[in-house]
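# Secondary and tertiary structure notes
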Amino acid sequence: MDIIQKVKEAKQGDKEALLQLVMAQKDEYYRLAYSYMGSKHDALDVLEEMIVIVYEKVHQLKKPESFYSWSKTILVNRCKDLVKKQKKVVLIKEWRDQMEESNANQQSIPDPYQSKEQEIDIHALLESINIDQAEAIKLKYFHDLDYKSISKMTNVSVGTVKSRIFHGLRKMKHLYGGDLREKS
């Protein structure tokens, strides 16, 4: 699919072109929304809102090649707004449910019990650090985004993103007992 051509078509009001663009990365959008919202229902709701906003504002997009980073930034901002509005707290059980879903999509897991314990530990540690640090760490390591993309999504400088990740990981390491590597 030619992304630039599809974006041009979408900018001219072609709903099908926009739908094709969104569907091409629907899993990434969903995982990103779910990581903020913590539930399937809320993630799907915020995705619907993001699609409407993107459709209404796609004509404002200056660089067609930036469509995905632009639309993901809209998604992140919408998620943040809703979380703030709902004052929602994501519980560890919901994170476990998310991880079980993602593990079900993977081919094999060497030791499911050890892996599950590590996931719970990581999510508990993320909940114990600054929310901005946790957000940056999740975007970097759960969604494999680069510093520049995280910077755009969170409206802070690349240096701030790096600092948040560094200090967040350092605090997590301290809380975990000094070593984030697997313990035997």
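One structure accompanies this document, and this report is about it. (Residues numbered from 1 in each chain as written. Predicted model: local features only at pLDDT ≥ 70, side-chain atom pairs only at ≥ 80, totals over all residues. Heavy atoms only, no water.)

## Points about the packing of helix α1 (residues 3-11) against helix α2 (residues 15-24)
Quick reminder of the rule: Lines fitted to C-alpha atoms define the axes, with helix axes restricted to the stretch in contact, and inter-axis angles between N-to-C directions lie between 0 and 180 degrees. Secondary structure counts use DSSP, requiring at least four H or I residues in a row for a helix and at least two E residues in a row for a strand, with both numbered from the N terminus. Working definition: roughly parallel below 35 degrees, roughly antiparallel above 145 degrees, roughly perpendicular at 65 to 115 degrees, and oblique for all remaining angles. Helix crossings fall into two classes, left-handed where the near helix is turned counterclockwise from the far one by less than a right angle and right-handed where it is turned clockwise. Two residues form a contact once any of their heavy atoms are found within 4.5 Å. Each residue receives one of three labels: charged for Asp, Glu, Lys and Arg, nonpolar for Ala, Val, Leu, Ile, Met, Phe, Trp, Tyr, Cys and Pro, and polar for the others, Gly being one of them.
Between α1 and α2, whose axes approach to 7 Å, the crossing angle comes to 140°. One finds that α1 runs oblique with respect to α2. As for how α1 packs across α2, the hand of that crossing is left-handed. Here α1 contributes Ile-3, Lys-6, Val-7, Glu-9 and Ala-10 to the contact with α2, which in turn contributes Ala-17, Leu-18, Gln-20 and Leu-21. When the residues that make up the contact of α1 with α2 are grouped by side-chain class, the tally is 6 nonpolar, 1 polar and 2 charged.

## Here we look at the nonpolar core
In plain terms, the rule: Buried residues of nine kinds, namely Ala, Val, Leu, Ile, Met, Phe, Trp, Tyr and Cys, make up a nonpolar core once their side-chain atoms join them within 4.5 Å. Partly exposed residues are those whose accessible area sits between 20% and 50% of the maximum for their type, while under 20% is buried and over 50% is exposed, using a 1.4 Å probe and protein chains only.
Membership of the largest hydrophobic core comes to 41 residues, with the highest contact counts inside it found for Tyr-29, Phe-67 and Leu-75. It is helix α5 (residues 67-86) that provides the largest number of residues to this core, a total of 8 residues. Not counting chain neighbours up to four residues away, the residues in contact with Tyr-29 comprise Val-22, Leu-47, Met-50, Phe-67, Tyr-68, Ser-71, Lys-72 and Leu-75.

## Overview of the pattern of salt bridges
Filter applied, for reference: The working definition used for a salt bridge is a side-chain nitrogen of Lys or Arg within 4 Å of a carboxyl oxygen of Asp or Glu.
Scanning all chains against the criterion turns up 6 salt bridges. A salt bridge links Lys-6 to Glu-9; the nearest nitrogen and oxygen atoms lie 3.7 Å apart. Residue Lys-6 and its partner Glu-9 are located together in helix α1, separated by 3 residues, close to a single helical turn. Lys-6 gets classed as buried once you look at its relative accessible area, which sits at 18%. Of the residues examined, Glu-9 reaches a relative accessible area of 21% and is grouped as partly exposed. A salt bridge links Lys-80 to Glu-135; the nearest nitrogen and oxygen atoms lie 3.1 Å apart. Remark: Glu-135 occurs in helix α8 (residues 131-142) and Lys-80 occurs in helix α5; sequence separation between them is 55 residues.

## A short note on the packing of aromatic side chains
Keep this limit in mind: Pairs were defined over the aromatic rings of Phe, Tyr and Trp, the Trp ring being its six-membered one, requiring ring centres within 6.5 Å. Orientation was assigned from the angle between planes: stacked under 30 degrees, edge-to-face over 60, tilted for the rest. Counting as a charge over the ring demands two things of the Lys NZ or Arg CZ atom: a distance within 6 Å of the ring centre and an angle within 35 degrees of the ring normal.
Under the defined criterion, the tally for this structure stands at 4 aromatic pairs. Ring-pair connections join several aromatic residues into one group, and the members of that group are Tyr-29, Phe-67, Tyr-68 and Trp-70. Directly above the ring of Tyr-147 sits Lys-140, whose terminal nitrogen or CZ lies 4.5 Å from the centroid.

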